[in-house]
Amino acid sequence: MSAAFKPGRCFLFRLAKGADIHERLNAFCRRNKVRCAAITVIGATEEVRLGYYDQNRRKYFNRAFKGDMEILSCVGNLTLKDGEPFAHLHAVMGDSKLRVRGGHLFPGSKVFAAEVYLHELRGRELVRRPDLQTGLALWPGPFKD
Ligand code: ZN
């Protein structure tokens, strides 16, 4: 399965200090009726939770990082899950010693300052559903030649 989309609206906006990145992105898309988008975020956090998916245990593990961190690169997408906008984001974070941490970004972040570039994609709806092969909530597919 593949899906061709047409470019929609482009948004640039800032998140408030203390905001939860997922919560605000999902709320922004609900309010603006964005149902599919590519997202990048840069900025800084006071708290962030990063993790990875253990493929054997089929379970996410995560760890919280408190204190100043730079959002060096946060990329992802937004599609639908359970009928609602659902942001899936990965982040590379830098600390005060310029060390880098990265992983799947979990809800519960606390923004210090953040700038969002959100590019709406228009076309068919992409809906995440439970995938038995991986244990993840994935789009229909996969793409086949
Ligand atoms: Zn992920």
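Because the structure is predicted, anything quoted here is derived from the model rather than measured.

(A) Seen up close, the overall build of the protein. Helix and strand counts for the protein come out as 1 helix and 8 strands. Listing each helix as α and each strand as β along the protein from the N terminus yields β-α-β-β-β-β-β-β-β. Expected size for 145 residues packed as a compact globule is a radius of gyration near 15 Å; at 16 Å, the protein falls within 12% of this value. Judged by the C-alpha coordinates and their principal axes, the protein covers about 45 × 40 × 25 Å. Counting over 145 residues, the protein shows a buried share of 37%. Sequence-distant contacts in the protein: of pairs separated by 6 or more residues, those separated by 24 or more amount to 69%. As displayed, the protein offers around 9,000 Å² of accessible surface, 54% of which is attributable to carbon and sulfur atoms. Separation of charge centres in the protein, based on 25 positive and 15 negative side chains, amounts to 2 Å.

(B) Up close: the coordination of the zinc ion. Around the zinc ion, the protein contributes the donor atoms His88 (NE2), His90 (NE2) and His104 (ND1), at 2.0 to 2.1 Å from the metal centre. The sequence pattern describing where the donors of the zinc ion fall on their chain is H-x1-H-x13-H. Highlighted residues: histidine 88 in strand E4 (residues 84-94) and histidine 104 in strand E5 (residues 100-105), separated in sequence by 16 residues. A relative accessible area of 22% means that histidine 88 is categorised as partly exposed.

(C) Broad picture of the pattern of salt bridges. Summed over all chains, the structure comprises 8 salt bridges. The salt bridge partner of arginine 24 is glutamate 23, with a shortest N-O separation of 3.3 Å. Counted as one network, the salt bridges with shared partners bring together Arg9, Glu120 and Arg122.

(D) Just the side chain of histidine 119, in detail. The residue histidine 119 is located in strand E6 (residues 110-122) in this model. Polar contacts involving the side chain of histidine 119 include one to the side chain of tyrosine 117, which spans 3.3 Å. In contact with histidine 119, other than residues within four places in its own chain, are Pro7, Gly8, Arg9, Cys10, Cys36, Ala37 and Ala38.

(E) Structural detail: the packing of aromatic side chains. Tallying each qualifying case throughout the model produces 5 aromatic pairs. Between the aromatic rings of phenylalanine 11 and phenylalanine 28, the centroid separation amounts to 4.9 Å while the plane-to-plane angle is 85°, which identifies the pairing as edge-to-face. Pair noted here: phenylalanine 11 is in strand E1 (residues 6-15) and phenylalanine 28 is in helix H1 (residues 21-31), with a separation of 17 residues, a long-range link. Across this residue pair, the class does not change: phenylalanine 11 and phenylalanine 28 are buried. By relative accessible area, which is 13% here, phenylalanine 28 ends up buried. Aromatic ring contacts, followed pair by pair, group Phe11, Phe13 and Phe28 into a single cluster.

The rules behind these values
Each chain carries its own residue numbering, running from 1 in the written order of its sequence. Totals for whole chains, interfaces and linings use every residue, but because this is a predicted model, local features are given only for residues with pLDDT of at least 70 and side-chain atom pairs only at 80 or more, for both listing and counting. As a convention, hydrogens and water are excluded, and side-chain values are obtained from all of the structure's heavy atoms. Strands here mean DSSP runs of E at least two residues long; helices mean DSSP runs of H or I at least four residues long; both are numbered from the N terminus. For the radius of gyration, the atom set is restricted to C-alpha positions; the globular benchmark scales as 2.2 Å times the number of residues to the power 0.38. The buried label goes to any residue with under 20% of its type's maximum accessible area, the exposed label to any with over 50%, and the partly exposed label to all in between, with areas taken from a 1.4 Å probe on protein chains only. Contact between two residues is taken to exist if any of their heavy atoms lie within 4.5 Å; hydrogens are not considered. Computed with the Shrake-Rupley method and a 1.4 Å probe, the accessible areas treat only the protein chains shown as cover for residues. In this tally, Asp and Glu contribute negative charge and Lys and Arg positive charge; neither His nor the terminal groups of the chain are included. Taken as the charge location is NZ of Lys, CZ of Arg, CG of Asp or CD of Glu. Sites may look incomplete, because water is not among the atoms used; the donor set itself consists of N, O and S atoms within 2.8 Å of the metal (3.2 Å for Na, K and Ca). A pairing counts as a salt bridge when a side-chain nitrogen of Lys or Arg comes within 4 Å of a carboxyl oxygen of Asp or Glu. Nitrogen and oxygen atoms within 3.5 Å of one another constitute a polar contact, given that in protein one can donate a hydrogen and the other can accept it, and given that sequence-neighbouring residues count only through two side-chain atoms. Aromatic contacts are taken between Phe, Tyr and Trp rings whose centres are within 6.5 Å, Trp giving its six-membered ring; a plane angle under 30 degrees counts as stacked, one over 60 as edge-to-face, and the others as tilted.

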